[in-house]
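In case you want the letters, here they are:
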Amino acid sequence: QVQLVESGGGLVRAGGSLTLSCAASGSIFKINVMGWYRQAPGKQRELVATIANDETTNYGDSVKGRFTISRNKAKNTVYLQMNSLEPEDTADYYCNVQAWTVVTPLGDYWGQGTQVTVSA
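Please read these numbers as outputs of a predicted model, since none were measured by experiment.

1. Here's the deal with the overall build of the protein
In terms of regular secondary structure, the protein is built from zero helices and 11 strands. Start at the N end of the protein and walk to the C end: the helices and strands fall as β-β-β-β-β-β-β-β-β-β-β. Along the three orthogonal principal directions, the C-alpha set of the protein runs to about 45 × 25 × 20 Å. Each of the 120 residues in the protein was classed as buried or not, and the buried ones make up 42%. Restricting to contacts in the protein with at least 6 residues of sequence separation, those with at least 24 account for 53%. Carbon and sulfur atoms provide 49% of the accessible area of the protein, an area that totals close to 6200 Å². Across the protein, the centroid of the 10 positively charged side chains sits 4 Å from that of the 10 negatively charged ones.

Shown next as structure tokens:
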């Protein structure tokens, strides 16, 4: 019903930057919230950032001031600009979309994850 394709992960040195992208496709009627979560080895999945349909944003405390989330509604794409990366940002990053499809009510959809590794 909704497919999410993530890109932009990789290896970067501490202090560097990366930009993640997530494009949603399928039988989408309307997207509500788009966001990013991350999960480091041995830890629970945590909020990185979300952006609502009215452009309201919400950030996890550990990334405030360093990461910026944005979306292109016409392309059903969400971006995560990550600056001043720290080794503690190393994790698998997952795109999340809350959307109505043409046949289903509001649902929660997840990407396959993209790995971000920050070296000291």
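2. Considerations on the pairing of strand β4 (residues 28-39)
Here β4 pairs with strand β9 (residues 91-101) via nine bridges, running antiparallel. Residue Ile31 lies in a different strand from β9, and its bridge partner there is Ala99. Sheet analysis places β4 next to strand β5 (residues 46-51), joined by five bridges and oriented antiparallel. Looking across to β5, one finds that Met34 is bridged to Ile51. As consecutive antiparallel partners, β4 and β5 are separated by six residues, and within that stretch Gly42 has a phi angle of approximately 80°, a positive value.

Reading guide: rules and limits
Position labels on residues start from 1 in each chain and follow its written sequence. In view of the model being predicted, local features appear only for residues whose pLDDT reaches at least 70, and side-chain atom pairs are presented and counted only at 80 or more, with totals across whole chains, interfaces and linings using the full set of residues. Only hydrogens and water are set aside when side-chain values are computed; all heavy atoms of the structure are taken into account. A run of DSSP states H or I qualifies as a helix once it reaches four residues; a run of E qualifies as a strand once it reaches two. Both are numbered from the N-terminal end. Partly exposed describes any residue whose relative accessible area lies between the buried limit of under 20% and the exposed limit of over 50%, with all areas from a 1.4 Å probe on protein chains only and scaled to the type maximum. In what follows, a contact means two residues having at least one pair of non-hydrogen atoms within 4.5 Å. Here the open area of atoms and residues is found with the Shrake-Rupley method and a 1.4 Å probe, where only the protein chains shown may cover a residue. Two residue types count as positive, namely Lys and Arg, and two as negative, namely Asp and Glu; His and chain ends fall outside the count. To locate a charge, the coordinates of NZ of Lys, CZ of Arg, CG of Asp or CD of Glu are taken. Any two strands between which DSSP finds at least two bridges are classified as paired.

Any functional reading would require information that these geometric values do not contain.
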